[in-house]
Each structure stands twice: as structure tokens, then as C-alpha cells.
Amino acid sequence: MNKIFYLILFSVILIITGNSCKKLKTPDAVKEREEWISSFKDSVNHYQQIIEISETELNEMNKKIQAMMDEFEYVSNPRQVEGFYLLKGWKDKIPMTKTGIYARLTESNTLELLATLSGGTFNQIKISADGDEIMSNVVKHDQALNYRQNNLNTVCFSGEATDSIAEFIYGYRIYKIKLDFIEGGVKKSFDIPDDQKTMIAKTWELYESQFESRKLEKEIWISSRKIDTYRVIMDKELPTDAEPNDN
């Protein structure tokens with residue numbers, strides 16, 4: 001009788017001891033997996049916050065763009081592949097009939113600067129103000145982007161260097177800005193009038209705002225795709241009735 005009692009007592013102690021060990025210690029692999037899955041939930045929350053902030057900023061940016069677009073008009077030219085947006089009041093001033101420079105935005109969201117020189121030729125421009133200066137790329141004479149007519153030479157500039165020049169004019173618009181027409185070592189200088197500085201500055205501001213809007217849209221799209229990816233992984237790793245352990 002005593003022997004049977006001690007066997008039962010010993011078995012109970014083993015069961016209690018075994019259960020206590022399971023409660024006191026979680027295997028490292030299980031714990032790491034729980035933390036790994038929990039990190040996905042944190043990542044989802046992180047990218048959801050990014051989307052919320054970006055959507056708020058995008059809404060405000062689009063309101064700003066719409067207000068600026070009211071100052072521009074669409075111009076269609078049958079001789080060109082695509083039309084462009086021009087600051088209102090400038091449609092009748094182009095093409096220029098004297099030395100000057102203006103900006104426009106194409107349908108494909110490209111900023112273009114068109115410089116015209118009377119009585120000379122050029123293929124590059126330099127802008128300078130308050131001790132700073134910036135150069136354009138060289139556009140060779142080709143009757144398309146660099147053409148000559150009626151003693152006028154007009155060159156259309158675009159690309160990163162052109163964007164930088166427009167931004168430069170925007171930043172220095174309250175200063176005297178000098179425009180140098182360059183071809184080889186020959187230069188002719190011209191002080192950009194206030195109306196042309198203002199016109200280019202407003203065009204740059206619209207262009208930059210549209211760029212920021214597209215960047216926010218891309219940020220929202222990328223964050224949404226990341227959230228989808230994390231959720232797919234979580235669905236595969238978690239049972240349908242389980243939630244990741246946040247502890």
C-alpha cells in the first residue's frame with residue numbers, strides 16, 4: 001500500500017514539476033519567432049502612420065497647386081508634339097521678338113527655359129546674382145531646340161541644369177540677375193527684367209510643387225505595398241485564431 005502511494009505521489013510531483021518548467025521557460029526559438037512576428041505588426045503601424053501623414057500633406061499640396069494653376073493657361077501649338085502651360089498674360093509675348101528669357105511647363109511635366117538673343121548667336125547661358133552663378137548645358141544649333149530667324153537666336157533648355165537655373169532665379173528674384181549668352185568664348189550680357197524674373201519664379205514654384213505632389217503619391221504607394229507584404233507574411237505565419245504576442 002505504501003509502495004503504491006509513493007509511486008502515485010512521485011508521478012504527481014513529476015507532472016507538477018514538468019508543467020512548472022514549461023511556464024517558467026519559453027524555448028528561445030519560439031520566443032524569437034514571436035518577436036519576429038510582432039515586429040511585422042509594428043512595421044504595419046509605422047507605414048500606416050506614414051500614409052496618414054503623407055495623405056494630409058498631399059491634400060494641402062494639391063490645394064496649393066490648384067490655386068497656382070489658376071494663374072496659368074494651356075497653350076497648344078500645332079507645330080509641336082505637345083502643348084504647354086504658360087503664365088497668364090504671356091501668350092501674346094511669345095515667341096519673343098527681342099532679347100529675353102521665359103519659362104514654360106510641358107504636358108509631360110518638363111520645365112523649359114527659352115532664351116532669345118537679338119543680333120547674335122549662342123548655345124549656352126550663364127546666370128549670376130549676388131556673387132553666385134550657374135551654367136546651363138550646351139544646346140547646339142539644330143533648327144529645333146536652337147534656331148535662328150529674323151536676326152534672333154532662340155534656344156530651348158531643359159534637364160537638371162535648367163531646373164537648377166530656374167530655382168536659382170526663384171531664389172534670387174529680388175536681386176539683380178545677369179544673363180550671359182555664350183558661344184565659345186564670346187559672351188553678351190543682359191539684365192533680366194523684373195517681369196521675366198517673376199514669370200520664371202512662379203513657373204518654378206508650380207513645377208516644384210507638382211514634383212513634391214508626385215513624390216508624396218509615390219511614398220503612399222510604396223508604403224501601401226509594404227503593408228500588403230507584411231500582412232501576407234503574417235497571414236502565413238499566424239494561425240487564423242492567433243494574434244502576435246506584443247510582449
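Here is a short report on the structure shown in this document.

Now for the overall build of the chain. Helices and strands together make up the secondary structure of the chain, namely 4 helices and 10 strands. Taken from N to C terminus, the helices and strands of the chain fall in the order α-α-β-β-β-β-β-β-β-β-α-β-β-α. In the chain, buried positions account for 35% of the 247 residues. Counting only contacts in the chain whose residues sit at least 6 apart along the sequence, the fraction spanning at least 24 positions is 63%. Of the roughly 15800 Å² of accessible surface on the chain, 52% is carried by carbon and sulfur atoms.

With that settled, the discussion passes to the packing of aromatic side chains. Both the distance between ring centres and the angle between the ring planes are used here to describe each pair of aromatic rings. Counted according to the given criterion, the structure contains 6 aromatic pairs. Between Trp-204 and Tyr-207 the ring centres are 5.7 Å apart and the planes differ by 45°, which places this aromatic pair in the tilted class. Of this pair, Trp-204 and Tyr-207 both sit in helix α4 (residues 194–237), separated by 3 residues, roughly a single helical turn. Tyr-207 carries the same exposure label as Trp-204, and that label is buried. Ring pairing ties together the aromatic residues Phe-168, Tyr-172 and Tyr-175, which thus form one cluster. One residue, Arg-104, lies across the ring of Phe-84, its end atom 4.5 Å from the ring centre. Above the ring of Tyr-170, the side-chain terminus of Arg-173 is found at 4.2 Å from the ring centroid.

Next up on the list: the sheet that holds strand β6 (residues 132–135). Strand order across the open sheet formed by 4 strands is β6-β5-β9-β10, with antiparallel pairing between neighbours. Edge strands, defined here as strands with exactly one partner in the open sheet, are β6 and β10 (186–191). Neighbour-to-neighbour, the strand axes of this sheet turn through a mean angle of 20°, independent of strand direction. Bridging between strand β5 (residues 124–129) and β6 involves 4 bridges; their strand directions are antiparallel. Across the sheet, the residue bridging to Ile-127 is Ile-134, located in β6. Against the sheet, helix α3 (residues 160–171) touches β5 and β6, its axis set at about 150° to β6.

What follows deals with the side chain of Asp-163. Its location among the elements puts Asp-163 in helix α3. No salt bridge is formed by the buried Asp-163. Its closest oppositely charged neighbour is Arg-214, at 8.3 Å. Residues contacting Asp-163, with those up to four places away along its chain left out, are Leu-111, Trp-204 and Tyr-207.

Taken as a whole and judged by the stated rule, the model has 10 salt bridges. As a salt-bridge pair, Lys-126 and Glu-133 come within 3.6 Å of each other at their nearest N and O atoms. Between Lys-176 and Asp-191 there is a salt bridge, with its nearest N and O atoms 3.5 Å apart. Linking Lys-176 in the loop between α3 and β9 (178–183) with Asp-191 in strand β10, this pair joins segments that are 15 residues apart in sequence. Judged by its relative accessible area of 39%, Asp-191 falls in the partly exposed class. Members of the salt-bridge network, linked through shared partners, are Lys-126, Glu-133 and Asp-180.

Basis of the calculations
- Residues numbered from 1 in each chain as written.
- Predicted model: local features only at pLDDT ≥ 70, side-chain atom pairs only at ≥ 80, totals over all residues.
- Heavy atoms only, no water.
- Helix = DSSP H or I, 4+ residues; strand = E, 2+ residues; numbered from the N terminus.
- Buried < 20%, exposed > 50% of the residue type's maximum accessible area, 1.4 Å probe, protein only.
- Contact = heavy atoms within 4.5 Å.
- Areas by Shrake-Rupley, 256 points an atom, 1.4 Å probe, with all protein chains shown as cover.
- Phe/Tyr/Trp six-rings, centres within 6.5 Å; stacked < 30°, edge-to-face > 60°.
- Lys NZ or Arg CZ within 6 Å of the ring centre and 35° of its normal.
- Pairing = 2+ DSSP bridges.
- Axes fitted to C-alpha atoms, helices over the stretch in contact; angles between N-to-C directions.
- Lys, Arg positive; Asp, Glu negative; His and termini not counted.
- Salt bridge = Lys/Arg side-chain N within 4 Å of Asp/Glu carboxyl O.

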